[in-house]
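Given next are the chains, with one letter for each unit.
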Amino acid sequence: MSRISRLPSSVLRAAACTGIAALTLTACGSGSGSGTANAGSGSVKVGLITKTDTNPFFVKMKEGAEKAAKDNGVQLVTAAGKFDGDNAGQVTAVENMVASGVKGILITPSDSKAIVPAIEKAKAKGVLVIALDTPTEPESAVDALFATDNLKAGELIGEYAKAAMKGKTAKIAALDLAPGVSVGVQRHNGFLKGFGATDKDVACAQDTGGDQSKGQTAMENCLQKEPGINVVYTINEPAALGAYTALKAKGREKDVLIVSVDGGCTGTQAVKDGKIAATSQQYPLKMAAEGVKAVATYAKDGKKASGYTDTGVTLITDKAQDGITSKDTAYGLENCWG
């Protein structure tokens, strides 16, 4: 979920970024997580800071930002953390972008709470800060949020799983993200709400970091703890595919229901192939495009975006359930990312 360029030391990198930012269009990120700002040619600079630059979700987000920058005549500066959870790298990226004179920063926070002081400093200097995908804690720490309703995304797959079980007693495994990450908490709680369950009804809960290999290990651990698991909720599709691998090794892949969130192309194909029963598809390109437009508007007339904008979520499955609104994988593959 590796960055690209790397300078000999973080000290040299920070100095270079701060001192040369006005002369170049190269984004200065957290070590290897930097990109270029050749999208758009206007004098207004917009910063995009993602959790990583390798996760297909954030690759698509960057593509959306690049296109929107060209369409709106602004320059795009990009950076990313070295890994999902690299708050220090994102703080450095924020500081470097502010020093380079960006008008606004779009950020997917790796740590919803720890990034807040850096955001507050940026806002104090007149920079518009918009969170994409992941809310800050508190959400009001940023000027605006463009994101999937992650609680709703979880609810959709929870409702689907409940309907698909058709009254059978559920033994649930929850393959989560990591403690305290708002996206993971919202999806988990949404699933339970949609299913009509509580944490007391979860037979096994494991953190995966959204990683496929960790998802496999987590599923193996859960099967050892509770062999009768028949419903698996996963934070994202890589974790779901890890779970599927573990279940297949036990000959259980056909009798366990796996549901997930994201809607990436690999994950949506896995739904089509029957490895995942359903997923809630979100739209990172739209998040980034709306964010860039908001900064361009702010630069033009001083109008700040505010509040929360829901960028949409759709339940994708080829095994529709009565009373549950969904689209098939043909639609999902036309609108997937990655």
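Report follows, based on the coordinates. (Residues numbered from 1 in each chain as written. Predicted model: local features only at pLDDT ≥ 70, side-chain atom pairs only at ≥ 80, totals over all residues. Heavy atoms only, no water.)

### Considering the pattern of salt bridges
Then comes step 1: Under the defined criterion, the tally for this structure stands at nine salt bridges.
Then comes step 2: A salt bridge links Glu-155 to Lys-193; the nearest nitrogen and oxygen atoms lie 3.6 Å apart. Of the two residues, Glu-155 sits in helix 5 (residues 150-165) while Lys-193 sits in helix 6 (residues 182-195), which places them 38 residues apart along the sequence.
Then comes step 3: Among the residues examined, Lys-193 registers a relative accessible area of 54% and is labelled exposed.
Then comes step 4: The salt bridge partner of Glu-290 is Lys-293, with a shortest N-O separation of 3.2 Å. A residue pair is termed a helical-turn pair when its members lie 3 or 4 positions apart in one helix, as Glu-290 and Lys-293 do in helix 10 (residues 284-301) at three residues.
Then comes step 5: Accessibility expressed as a relative area gives 26% for Glu-290, which makes it partly exposed. (Salt bridge = Lys/Arg side-chain N within 4 Å of Asp/Glu carboxyl O. Helix = DSSP H or I, 4+ residues; strand = E, 2+ residues; numbered from the N terminus. Buried < 20%, exposed > 50% of the residue type's maximum accessible area, 1.4 Å probe, protein only.)

### Overview of the nonpolar core
Then comes step 1: Ranked by size, the top nonpolar core spans 28 residues in total, and within it Tyr-160, Phe-191 and Val-259 carry the most contacts.
Then comes step 2: Going through the elements one at a time, helix 5, strand 6 (172-176), helix 6, strand 8 (231-234), strand 9 (257-262) and strand 12 (313-316) are the ones with two or more residues in this core.
Then comes step 3: It is helix 5 that contributes the most residues to this core, seven residues altogether.
Then comes step 4: Every residue in contact with Tyr-160, bar those within four places of it in the chain, is listed here: Val-259, Ala-277, Ala-278, Leu-315, Thr-317, Lys-319, Gln-321 and Ile-324.
Then comes step 5: Counting 26 residues, the second largest nonpolar core, distinct from the first, contains Leu-48, Ala-68, Ala-289 and Ala-305. (Core = buried A, V, L, I, M, F, W, Y, C linked by side-chain atoms within 4.5 Å. Contact = heavy atoms within 4.5 Å.)

### Thoughts on unusual backbone geometry
Then comes step 1: Omega for the bond connecting Glu-137 with Pro-138 falls within 30 degrees of zero, at 5°, which places this linkage in the cis form.
Then comes step 2: With respect to the helices and strands, the residue Pro-138 is situated in the loop between strand 4 (128-132) and strand 5 (144-147).
Then comes step 3: Residues other than glycine seldom take positive phi values, yet Asp-133 does so here, at roughly 70°.
Then comes step 4: Mapped onto the elements of the fold, Asp-133 is located in the loop between strand 4 and strand 5.
Then comes step 5: A positive phi angle, near 145°, is found at Asp-262, a position not held by glycine.
Then comes step 6: Position of Asp-262 relative to the elements: it lies in strand 9.
Then comes step 7: For Asp-262, a relative accessible area of 9% corresponds to the buried category.

Nothing here speaks to function; it is geometry throughout.
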